[in-house]
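Observations on the model geometry
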Amino acid sequence: MIRSVGITRLTAIGATAAMLWLSPAIAGDQPVPGATVESVVAIAKRLNPTVAAASLEFDAAVHKIGTAGVLADPALVLEAWDVNRLGVGQRRFGVEQEVKLWGKYGLERNIAEADADAAKFQGRATVVDLIAQVVAAHGEYNAAYEAVGISVEIKRRYDEILGLLRSRYGTTSVDQQDVIKAEIEAATAEGDVVRRQGEQKAAAARLNALIGRPSLAPLAAPTGFRAVKAISLAQVQALARSANPMLALAGAQSNSAAQTKSLTDLNYYPDVSLGAKYVQRPGTEDTGEFMAKFNLPLHYEVKDAEQRAAGARLGAAQARNEALRLRIDGQVADAWFSVDALRKVVQIYASRQLPPARSSVDNARNGFQAGSSDISLVFESERRLRAVQLDLLKLKVELQTKYAEMERLAGGSL
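Within every chain, residues take consecutive numbers counted from 1 along the sequence as written. The model is predicted, so local features are restricted to residues of pLDDT at least 70 and side-chain atom pairs to those at 80 or more, both for listing and for counting; the totals for chains, interfaces and linings are taken over all residues. Here the side-chain values reflect all heavy atoms present in the structure, with hydrogen atoms and water set aside.

**Observations concerning the overall build of the protein chain**
Only DSSP runs of H or I reaching four residues or more are called helices, and only runs of E reaching two or more are called strands; each is numbered from the N terminus. On a plain count of helices and strands, the protein chain comes out with 9 helices and 4 strands. Along the protein chain, helices (α) and strands (β) appear in the sequence α-α-α-β-β-α-α-α-α-β-β-α-α when read from the amino end. Note on method: radius of gyration uses C-alpha positions; expected globular size equals 2.2 Å times residues raised to 0.38. Over its C-alpha trace the protein chain gives a radius of gyration of 36 Å, far above what one expects of a compact globule, namely 22 Å for 414 residues. Dimensions of the protein chain, computed from the C-alpha atoms along their principal axes, are close to 135 × 45 × 30 Å.

**What to know about the packing of helix α6 (residues 233-243) against helix α8 (residues 300-370)**
Their axes nearest at 10 Å, the elements α6 and α8 cross at an angle of 145°. By crossing handedness, the relation of α6 to α8 is classed as right-handed. Taken together, the residues of α8 that come into contact with α6 (itself represented by Leu233, Val236, Gln237, Ala240 and Arg241) are Arg325, Ile328, Asp329, Val332, Ala333, Trp336 and Phe337. Counted by class, the contact of α6 with α8 contains 8 nonpolar, 1 polar and 3 charged residues. Angular values range over 0 to 180 degrees, each being the angle between N-to-C directions of two axes fitted as lines to C-alpha atoms, with helices fitted over their stretch in contact. Take the far helix as your reference; a near helix turned counterclockwise from it by less than a right angle gives a left-handed crossing, and one turned clockwise gives a right-handed crossing. Contacts between residues were defined by any pair of non-hydrogen atoms, one from each residue, lying within 4.5 Å. Only Asp, Glu, Lys and Arg are considered charged in this grouping, and only Ala, Val, Leu, Ile, Met, Phe, Trp, Tyr, Cys and Pro are considered nonpolar; every other residue, Gly among them, is considered polar.

**Observations regarding unusual backbone geometry**
One non-glycine residue, Trp102, adopts positive backbone phi at about 65°. On the secondary structure map, Trp102 appears in the loop between β2 (87-99) and α4 (104-169).

**Let's talk about the side chain of Ser273**
The topology assignment puts Ser273 in strand β3 (residues 272-280). Beyond its immediate chain neighbours, meaning those up to four positions away, Ser273 contacts Gln97, Glu98, Met291, Ala292 and Lys293.

**Concerning helix α3 (residues 49-65)**
Helix length check: α3, at 17 residues, gives a terminal C-alpha distance of 25 Å against a target of 24 Å (1.5 Å per residue), a fit within 8%. The rule is simple: take the accessible area with a 1.4 Å probe, protein chains only, and divide by the maximum for that residue type; under 20% is buried, over 50% is exposed, in between is partly exposed. Of all the positions in α3, only Val51, Ala54, Phe58, Ala61, Val62 and Ile65 are classed as buried. Across the axial projection of α3, the buried residues extend over an arc of 100°, all falling on one side. Across α3 from its buried face, at more than 90 degrees, point the exposed residues Pro49, Leu56, Glu57 and Lys64. Contacts described as polar in this section are N or O atom pairs within 3.5 Å, which, within protein, must combine one atom able to donate a hydrogen with one able to accept it, while residues neighboring in sequence count only if both atoms come from side chains. The N-capping residue of α3, defined by a side-chain oxygen 2.8 Å from the backbone nitrogen of Thr50, is Asn48. What a helix should span is 1.5 Å times the count of its residues minus one. This arc corresponds to the set of directions leading from the helix axis out to the C-beta atoms.

**Thoughts on the environment of Lys303**
Assignment of secondary structure puts Lys303 in helix α8. Separated by 27 residues in sequence, Lys303 and Ala276 place their C-alpha atoms 31 Å apart. In contact with Lys303, not counting residues within four places along its chain, are Asn267, Tyr268 and Pro297.

**What about the packing of helix α7 (residues 245-265) against α8?**
Where α7 contacts α8, the axes come no closer than 9 Å and their chain directions differ by 165°. Classed by the angle they form, the pair α7 and α8 counts as roughly antiparallel. Handedness of the α7/α8 crossing: left-handed. Between α7 and α8, the residues in contact are Met246, Leu247, Ala250, Gly251, Gln253, Ser254, Ala257, Ala258, Lys261, Thr264 and Asp265 and Glu306, Gln307, Ala310, Gly311, Arg313, Leu314, Ala317, Gln318, Asn321, Leu324, Arg325 and Ile328, respectively. Grouping the constituent residues of the contact of α7 with α8 by class yields 10 nonpolar, 8 polar and 5 charged. What sets the label is the angle itself: under 35 degrees gives roughly parallel, over 145 gives roughly antiparallel, 65 to 115 gives roughly perpendicular, and the rest give oblique.

**Observations concerning the packing of aromatic side chains**
Put simply, two rings from Phe, Tyr or Trp (the six-membered ring, in Trp's case) pair if the centres are within 6.5 Å, and we call them stacked under 30 degrees between planes, edge-to-face over 60, tilted for the rest. Counted under the stated rule, the structure contains 3 aromatic pairs. With 5.3 Å between their ring centres and 45° between their planes, Trp102 and Tyr269 make a pair best called tilted. Placement of Trp102 in the loop between β2 and α4 and of Tyr269 in the loop between α7 and β3 is noted, with a sequence separation of 167 residues between them. A relative accessible area of 42% means that Tyr269 is categorised as partly exposed.

**Structural notes on the nonpolar core**
Working definition of a nonpolar core: buried Ala, Val, Leu, Ile, Met, Phe, Trp, Tyr and Cys residues. They are joined through side-chain atoms within 4.5 Å. By size, the foremost hydrophobic cluster in this structure holds 27 residues, and its most contacted members are Val236, Ile328, Val332, Met406 and Leu414. Counting residues per element, the ones that place at least two in this core are α6, α7, α8 and α9 (375-410). Those residues in contact with Val332, other than ones at most four positions away along the chain, are Leu233, Val236, Gln237, Ala240 and Leu409.

**Focus: the pattern of salt bridges**
Salt bridge criterion: a side-chain nitrogen from Lys or Arg within 4 Å of a carboxyl oxygen from Asp or Glu. Applying the stated criterion across every chain yields a total of 27 salt bridges. Notably, a salt bridge pairs Lys100 with Glu108, separated by 2.7 Å at the nearest N-O pair. The class for Lys100 is partly exposed, based on a relative accessible area of 27%. As a salt-bridge pair, Asp340 and Arg343 come within 3.9 Å of each other at their nearest N and O atoms. Of the two residues, Asp340 and Arg343 are both situated in helix α8; the distance of 3 residues between them amounts to about one turn of the helix. Through salt bridges with shared partners, a single ionic network connects Glu153, Arg156, Arg157, Glu160, Arg365 and Glu382.

Now the structure itself:
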């Protein structure tokens with residue numbers, strides 16, 4: 001009966017494991033990831049070796065349930081009595097079985113189930129942490145990709161200006177300084193393109209490593225940053241308290257410690273060994289023997305020490321659980337306020353800094369083409385626009401990272 005209950009529990013939790021982690025065998029032919037966050041997250045869950053390790057540890061904990069709360073193997077007894085020069089006086093064949101009383105088997109099984117739950121929540125925490133890292137890495141990849149586009153566009157405009165200057169002034173010494181300035185700026189822009197392309201490749205390599213692919217594996221062009229949803233602080237904190245896997249892990253560990261404390265309390269109660277033997281006596285009728293043996297828990301000082309140790313471990317687990325809850329509440333608030341501020345700053349940059357910077361570039365270029373402004377104003381306005389664009393990209397990456405951190409604390413996507 002005990003073994004059948006353990007197997008049923010094992011099967012149920014094994015089904016949960018199948019839902020938590022996807023098998024690489026079901027991957028099939030997939031399109032090149034990288035366009036969206038969801039595409040790389042799906043690959044990471046399937047290929048990242050850290051997730052695979054967490055899945056195997058959970059699987060080991062689940063199978064351990066089948067070994068807990070069951071009877072020990074019986075002992076086969078073979079005895080020969082009254083052995084002398086005339087032969088064997090008696091032959092005895094029997095079995096002995098140790099039996100734990102007072103509900104100890106149930107407590108052992110509860111401890112194993114709590115440990116399996118802890119392994120499950122540890123695995124979930126691993127997956128949630130990985131997703132947060134992947135989201136942040138995809139944000140960096142997206143920003144690097146857009147930065148390349150910005151640099152390429154600036155280089156194109158500088159090349160246009162340089163061509164215009166050469167056609168306008170030729171090689172006259174009077175205005176040759178403008179041509180030299182344009183050549184220097186165009187060369188700088190070309191170098192910036194090369195540097196940005198290197199940063200994009202590095203970001204792609206980091207993202208590939210996180211999702212479990214070779215560093216040079218191809219990635220699709222990103223389609224943009226993931227939308228950041230508006231959600232209240234109270235909602236995020238409520239989600240964190242109910243779904244954060246580290247809090248659930250601490251709860252499972254507290255449950256295991258409580259069950260261990262209950263089992264330790266039963267050390268004062270004896271266990272029993274039962275036995276039965278079949279006795280053969282030459283020349284007389286065969287008989288049987290039955291035996292019941294109890295261990296005597298006389299070393300109370302040892303059991304007192306074990307009980308105090310189990311109580312201390314339970315108290316420590318409960319204290320860690322409470323400390324973790326308070327810490328996560330604070331971390332959620334920290335992440336939420338950062339996300340709220342970054343969202344507002346991004347909106348300010350996009351609506352109040354970027355349009356004027358673009359208008360400044362257009363005005364400077366039009367004035368230069370009309371001959372009413374200096375080339376230095378064009379380059380200055382271009383640098384100002386590039387600085388705003390790159391700063392905006394940095395803010396968007398930071399926003400994605402903080403939002404992913406908030407989702408990690410909440411236990412999943414918001």
